[in-house]
Amino acid sequence: MESFKSDVVKIDCDVQTVFSKLSDPEVLKRQLEANLDKLPQEARENLGKVSFDGDSITIESPMGPLKLALTEKEEPGKIAFAATQSPVPFGMAINLRDAGNGATEAEAELQLELPVFLRAMVGGKLKEGAQMFGKVLASLPYADM
């Protein structure tokens, strides 16, 4: 399985609070909608391609809808989603670490099982997607959620 990770981003909020907010897709949805103006431009443009339903997230993609169900909550360090509806095995994880002084380090990770011939074609876009996801994680006001 290929892994595409964002840069590590710093969040000015304690790891427990960040974990509790990100591990609930409904809270994440409300915060994304309430803080559109704080999100990177590309994230705002693509938010219409994402829907939230209970413990799952659905992303519209060129391959069709990718439905990701919450599969792992390892408090306070990892939140993972896995595809339940996807043409290829796909997962998404948020890795969190206590950075001290009430701050958190976060890293977004996309995991995909790609045929060799597709890696070269979509690898760059997947890396960009992971980077954008990391920027979104860093831009949310966790203390106000």
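Before any of the text, the structure's been laid out above.
Residues numbered from 1 in each chain as written. Predicted model: local features only at pLDDT ≥ 70, side-chain atom pairs only at ≥ 80, totals over all residues. Heavy atoms only, no water.

J.: Give a description of the overall build of the chain that names residues and reports values.
T.: Scanning the chain from N- to C-terminus turns up 4 helices and 8 strands. Going residue by residue from the N terminus, the α and β elements of the chain occur as β-β-α-α-α-β-β-β-β-β-β-α. The C-alpha radius of gyration of the chain comes to 15 Å, within 12% of the 15 Å expected for a compact globule of 145 residues. In terms of its C-alpha atoms, the chain occupies a principal-axis envelope of roughly 45 × 25 × 25 Å. Here the chain holds 145 residues, and 43% of them are scored as buried. Considering only contacts within the chain whose residues lie at least 6 apart along the sequence, 55% involve residues at least 24 apart. On the chain, roughly 7600 Å² of surface is accessible, and the fraction owed to carbon and sulfur atoms is 50%. Where the 16 positive side-chain charges of the chain centre and where its 23 negative ones centre are 3 Å apart. (Helix = DSSP H or I, 4+ residues; strand = E, 2+ residues; numbered from the N terminus. Rg over C-alpha atoms; globule rule 2.2 N^0.38 Å. Buried < 20%, exposed > 50% of the residue type's maximum accessible area, 1.4 Å probe, protein only. Contact = heavy atoms within 4.5 Å. Areas by Shrake-Rupley, 256 points an atom, 1.4 Å probe, with all protein chains shown as cover. Lys, Arg positive; Asp, Glu negative; His and termini not counted. Charge placed at Lys NZ, Arg CZ, Asp CG, Glu CD.)

J.: Which residues make up the environment of Lys-78, and what are the values?
T.: By the secondary structure assignment, Lys-78 is in strand β6 (residues 78-85). For the pair Lys-78 and Glu-26, spaced 52 residues apart in sequence, the C-alpha to C-alpha distance is 18 Å.

J.: Residue-level account of the pairing of β6, with values.
T.: Each regular strand carries side chains that alternate between the two faces of the sheet. Pairing geometry for strand β5 (residues 64-74) and β6, over 7 bridges, is antiparallel. Directly across from Glu-74, in β6, lies its bridge partner Lys-78. Where β5 folds back on β6, the antiparallel hairpin that results is connected by 3 residues. Across 5 bridges, β6 lies against strand β7 (residues 90-100) in antiparallel orientation. Bridging across to β7, Ala-82 finds its partner in Gly-91. Hairpin connection of β6 to β7: 4 residues between the antiparallel strands. (Pairing = 2+ DSSP bridges.)

J.: Account for the layout of surface pockets, naming residues and giving values.
T.: Over the atoms rolls a probe the size of a water molecule, and its path tells where empty space is left. By volume, the largest pocket amounts to about 1100 Å³. Forming the boundary of the largest pocket are 33 residues, of which Ile-59, Glu-60, Leu-110, Gly-129 and Met-132 lie nearest the centre. The set of elements that each furnish at least two residues to the lining of the largest pocket consists of α2 (25-34), α3 (41-46), β3 (50-53), β4 (56-61), β7, β8 (103-112) and α4 (116-139). When residues of the lining of the largest pocket are assigned to their parent elements, the largest contribution, 10 residues, is made by α4. Grouping the amino acids of the lining of the largest pocket by side-chain chemistry returns 25 nonpolar, 3 polar and 5 charged. (1 Å grid on protein atoms, 1.4 Å probe; cavity = no way out; pocket = protein on both sides within 12 Å on 5 of 7 lines; lining within 4 Å. Points joined across faces, edges and corners; volume = space filled by probe spheres on them. Nonpolar A, V, L, I, M, F, W, Y, C, P; charged D, E, K, R; others polar.)

J.: Describe the nonpolar core, with residues and values.
T.: Counting residues in each nonpolar core, the largest one holds 38 residues, and the members touching the most others are Leu-22, Leu-32, Ile-79, Leu-96, Leu-137 and Tyr-142. Of all the elements, α4 adds the most residues to this core, at 6 residues. With residues near it in sequence (within four places) discarded, Leu-96 still touches Val-15, Val-18, Phe-19, Leu-22, Pro-76, Gly-77, Ile-79, Thr-104, Glu-105 and Ala-106. (Core = buried A, V, L, I, M, F, W, Y, C linked by side-chain atoms within 4.5 Å.)

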